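Here is how the chains run, residue by residue.
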Amino acid sequence: METADLNDYTVIKEGEAEILMHKKNKVFFNKAQVNNRDMSIAVLRAFISKRKQEHDAMLSKRARSSGKVVEKDVSEVSKEGAPTENGEDNGKTNGEEHEASSKDGSKEAAKTTYEPARRELKPPRVLEALSASGLRALRYAREVEGIGQVVALDNDPASVEACQRNIKFNGLMSTSKVESHLTDARVHMLTNPKEFDVVDLDPYGAPSIFLDSAVQSVADGGLLMCTATDMAVLCGANGEVCYSKYGSYPLKGKYCHEMALRILLASIESHANRYKRYIVPVLSVQIDFYARVFVRIYTSASAMKNTPLKLSYVYQCIGCDSFHLQSVGRSLPKHNSVRYQAGLGPVVPQDCTHCGKKYNMGGPIWSAPMHDQEWVTSILNGVKSMKDRYPAYNKICSMLTTISEELPDVPLFLSLHNLAATLKCTSPSAAMFRSAVINAKYRVSGSHVNPLGIKTDAPMEIIWDIMRCWVKNHPVKAQSPDHPGSVILSKEPSHQADFSRHVGSLSKAQVKKVARFLPNPEKHWGPKVRAGRQITSKHVSLIGHEAVNGHLNGHKEAAGAEEEEEEEKEDVVEDEPEMKRQKITEVIASSS
Ligand SMILES: [Zn+2]
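Conventions and cut-offs
Residues numbered from 1 in each chain as written. Predicted model: local features only at pLDDT ≥ 70, side-chain atom pairs only at ≥ 80, totals over all residues. Heavy atoms only, no water. UniProt positions renumbered as here; feature names shortened; annotations may be inferred. 1 Å grid on protein atoms, 1.4 Å probe; cavity = no way out; pocket = protein on both sides within 12 Å on 5 of 7 lines; lining within 4 Å. Points joined across faces, edges and corners; volume = space filled by probe spheres on them. Helix = DSSP H or I, 4+ residues; strand = E, 2+ residues; numbered from the N terminus. Nonpolar A, V, L, I, M, F, W, Y, C, P; charged D, E, K, R; others polar. Donors = N, O, S within 2.8 Å, 3.2 Å for Na, K, Ca; no water. Tetrahedral: all angles 85-135°; square planar, octahedral: opposite > 155°, others 65-115°. Buried < 20%, exposed > 50% of the residue type's maximum accessible area, 1.4 Å probe, protein only. Contact = heavy atoms within 4.5 Å. Salt bridge = Lys/Arg side-chain N within 4 Å of Asp/Glu carboxyl O. Core = buried A, V, L, I, M, F, W, Y, C linked by side-chain atoms within 4.5 Å. Axes fitted to C-alpha atoms, helices over the stretch in contact; angles between N-to-C directions. Parallel < 35°, antiparallel > 145°, perpendicular 65-115°, else oblique. Left-handed = near helix turned anticlockwise from the far one by under 90°. Expected span 1.5 Å × (residues − 1). Polar contact = N/O pair within 3.5 Å; in protein donor to acceptor, adjacent residues only side chain to side chain. Phe/Tyr/Trp six-rings, centres within 6.5 Å; stacked < 30°, edge-to-face > 60°. Pairing = 2+ DSSP bridges. Right-handed = clockwise from strand over helix to strand, strands pointing away.

The protein has the name tRNA (guanine(26)-N(2))-dimethyltransferase in an unreviewed UniProt entry, where Brassica carinata is given as its organism. Turning to the protein, the UniProt annotation filed under Sequence similarities (unreviewed entry) states: "Belongs to the class I-like SAM-binding methyltransferase superfamily. Trm1 family." UniProt annotates the protein under Catalytic activity (unreviewed entry) with the comment "guanosine(26) in tRNA + 2 S-adenosyl-L-methionine = N(2)-dimethylguanosine(26) in tRNA + 2 S-adenosyl-L-homocysteine + 2 H(+)".

What follows is the structure in structure tokens.
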């Protein structure tokens, strides 16, 4: 590169990678994505070490079994769940699935192709499907030990040019590991089935059009990392748009950000199922203004039959926001195998038993665990052991700590403020409410997507009884008798709540004084408008007026308090699209 060119650029360093940014191009680099990139690097490091462990375990298992039996029937080998099509061990989860499938019928198991194990584990190949400047690909190549080739794609010539420039700028290590191509990622993924151990999808907006090809391109046991920045859509601003993109109806509950993650997971699973594949989520996070999920993908026609058991519809009361999950499918034991049937329902009566109002029905969502807690622990430990190498250490560490404490088997959550708002009462403190739930012999945890979220396996009847007992000591003004709160309070509690402080009401993070929710470092931290684009109302509805206003005004104010940030985020989601258009028109009018 000629030095004359360099004057037009500024160097941006993140982690161990440096990129050149043209001085005129201010939106090409999104600083807020450092959390996303750091989290991805942490997951990649954990993936590489898990993959190695699984491979070693498979080799030693094979060595043991070859000592006992000289020749093995193909079906017997696959029943053990050890080999997959690329000869790698699928690990615990897949092993269990295969165990279950062998009950289902040995025909399926026998179909699994068996190839001799590769003794040598090749470094994982990574596909960065929408690479833009290439910063992410460069960070992977430079920072993740043991990583293989990183293929960076983009279908924008200017992005590919920038990416190739940045690869050179990062020196020999990068030029040998990272390659950049101008192509449509979908075509590349379709024509390279099961070729990549890791596929990273980080599109601007919805990833939906890339999912079908992405799930085919991931090797067995490989990792798909997928971002969705269209949170407004996933959170129910336009339910019908979400349905057309993801095949699931969102509900506007306080839990909508978690529902967004679960809609995304259900959508990926549905694409995978078309190719006799299924997903195992390892980590699902809602960071800043986007959703990011990390799932492993396996192939098994029989394990795939369990998919309807992992999906649920959600009934949410329009009066009191009580919600109930309706499983899409169920399984019944039959002799030595399993019979699959449609879900048994409805799980709720026509009218809400608590307040008498009707229900909205959303979903289907992924209702199986959205994190693998063992993974979360090892990712968190890995991050802590390499503190200096994560620019966003505090943020991702606090987030992983909160995730590690989430109840893994309780989808969605309640909002304490919402419960209090329904009854028009003051809210008990989170510690008091959590204590009352634990004293009633139920489990409770927080949620990483909302500081006020409460996950619990207590039925809604118990939750409302706790609130009824609270209101007895904190009376409310009388409302009209058909108000949902009045209907709920007209019943006497059958469970007497015990609000005495329980030691388990504090999260471990609180006890250890780890900050669980950190404010963003600056105002308007979040997705930016794609490089070189005019801002339209579409952008506003996609990323929210906050982000667009920030882009237009270039605000650099200090971040507000934690709860204010949270409120703002929800405002973005809950505003009607018309409102946003109006706001953006005002901004454009005032700036011109
Ligand atoms: Zn209700």
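Caption draft 1: Spotlight on empty space enclosed by the protein. This structure, assessed with the given rule, holds six cavities of 30 Å³ or more. Roughly 110 Å³ of internal volume is contained in the second largest cavity. Along its surface, the second largest cavity is lined by 16 residues, and Asp321, Phe413, Leu414, Ser415 and Asn418 are the ones closest to its centre. Listing elements by their share of the lining of the second largest cavity, those giving two or more residues are strand 15 (414-415), helix 16 (416-423) and helix 18 (460-473). Per-element accounting of the lining of the second largest cavity gives the leading share, three residues, to helix 16. A breakdown of the residues in the lining of the second largest cavity according to their chemical character gives eight nonpolar, six polar and two charged.

Caption draft 2: Region of interest: the coordination of the zinc ion. Distances from the zinc ion to its protein donors, Cys317 (SG), Cys320 (SG), Cys352 (SG) and Cys355 (SG), fall at 2.2 to 2.4 Å. Taken together, the four donor atoms coordinating the zinc ion and their angles of 94 to 115° define a geometry best described as tetrahedral. If you list the donors of the zinc ion from N- to C-terminus, the spacing comes out as C-x2-C-x31-C-x2-C. Given the relative accessible area of 4%, Cys355 is considered buried.

Caption draft 3: Summary view of the environment of Val233. The topology assignment puts Val233 in helix 11 (residues 231-234). Residues Val233 and Lys245, spaced 12 residues apart in sequence, show a C-alpha to C-alpha distance of 9.2 Å. Apart from the residues within four sequence positions on either side, Val233 is in contact with Asn238, Val241, Cys242 and Pro250.

Caption draft 4: The arrangement of the pattern of salt bridges in detail. Under the criterion given, the structure shown has 31 salt bridges. Residue Asp220 pairs with Arg277 through a salt bridge whose shortest N-O separation is 3.1 Å. Of this pair, Asp220 sits in strand 7 (residues 218-228) while Arg277 sits in strand 8 (residues 277-287), and the two are 57 residues apart along the sequence. Assessed through its relative accessible area of 2%, Arg277 is described here as buried. With its nearest N and O atoms 2.6 Å apart, the salt bridge here joins Arg468 to Asp465.

Caption draft 5: Geometry of the nonpolar core. Grouped together as the largest cluster of nonpolar side chains are 84 residues, with contacts concentrated most on Met189, Leu201, Leu224, Ile268, Phe433 and Met467. It is helix 13 (residues 256-273) that contributes the most residues to this core, 10 residues altogether. Excluding residues within four positions of it along the chain, Met189 makes contact with Leu127, Ala129, Val199, Leu201, Phe210, Ser213, Ala214 and Ser217.

Caption draft 6: Layout of the packing of helix 17 (residues 430-439) against helix 18. Here helix 17 crosses helix 18 at 125°, and the two axes come no closer than 10 Å. If you check the angle between helix 17 and helix 18, you find them oblique. As for how helix 17 packs across helix 18, the hand of that crossing is right-handed. Side by side, helix 17 and helix 18 meet where Met432, Phe433, Ala436 and Val437 of the first sit next to Ile463, Ile466, Met467 and Trp470 of the second. Its residues assigned to classes, the contact of helix 17 with helix 18 shows eight nonpolar, no polar and no charged.

Caption draft 7: Highlighting helix 14 (residues 373-385). Taking 1.5 Å of rise per residue, the 13 residues of helix 14 would be expected to cover 18 Å, and the 18 Å separating its terminal C-alpha atoms lies within 8% of that figure. The N-cap of helix 14, judged by a side-chain oxygen 3.0 Å from the amide nitrogen of Glu374 a few residues on, is Asp372.

Caption draft 8: Summary view of the packing of aromatic side chains. Inspection of every chain in the model, using the stated rule, returns five aromatic pairs. Taking the centre distance of 6.3 Å and the plane angle of 35° together, the rings of Tyr243 and Tyr249 count as tilted. Centre to centre, the rings of Tyr255 and Phe323 are 5.0 Å apart; their planes meet at 75°, and the pair counts as edge-to-face. Highlighted residues: Tyr255 in the loop between helix 12 (239-246) and helix 13 and Phe323 in strand 11 (residues 323-327), separated in sequence by 68 residues. Note on Tyr255: relative accessible area 2%, which makes it buried.

Caption draft 9: Expanded view of the sheet that holds strand 15. Read from one edge to the other, the open sheet built from three strands follows the order 15-17-16, with strand pairing classed as antiparallel. In this open sheet, the two strands that pair with only one neighbour each are strand 15 and strand 16 (444-447). One ladder, built from two bridges, connects strand 15 with strand 17 (residues 450-456); its direction is antiparallel. In the strand pairing of strand 17, Leu414 is matched with Ile454. Across the sheet, helix 17 is in contact with strand 16 and strand 17; its angle to strand 16 comes to roughly 145°.

Caption draft 10: Seen up close, the pairing of strand 7. With respect to burial, strand 7 is a largely interior element, 11 of its 11 residues being buried. Bridging between strand 6 (residues 196-201) and strand 7 involves five bridges; their strand directions are parallel. When the sheet's bridge partners are listed, Val199 is paired in strand 7 with Leu224. On the question of chirality, the crossover connecting strand 6 to the parallel strand 7 by way of helix 10 (residues 208-217) is right-handed. Alignment of strand 7 against strand 9 (residues 290-299), held across seven bridges, turns out to be antiparallel.

Caption draft 11: Fine view of the side chain of Glu258. Relative to the helices and strands, Glu258 is located in helix 13. Taking relative accessible area as the criterion, Glu258 reaches 0% and is therefore assigned buried. In this structure the side chain of Glu258 is engaged in a polar contact, spanning 2.8 Å, whose partner is the side chain of Lys455.

Caption draft 12: Region of the structure containing the side chain of Ser217. Looking at where Ser217 falls in the secondary structure, it is placed in helix 10. Note on Ser217: relative accessible area 0%, which makes it buried. Among all residues touching Ser217, those that are not within four sequence positions of it are Met189, Asn192, Pro193, Lys194, Glu195, Phe196 and Val199.

Caption draft 13: Just unusual backbone geometry, in detail. Cis geometry is adopted by the peptide bond preceding Pro346, which originates at Gly345 and carries an omega value of 0°. Within the secondary structure layout, Pro346 lies in the loop between strand 13 (337-342) and strand 14 (359-366). In this chain, Gly363 is followed by Pro364 through a cis amide linkage whose omega measures 5°. Positionally, Pro364 belongs in strand 14. At Asp321, a position not held by glycine, the phi torsion is positive, near 65°.

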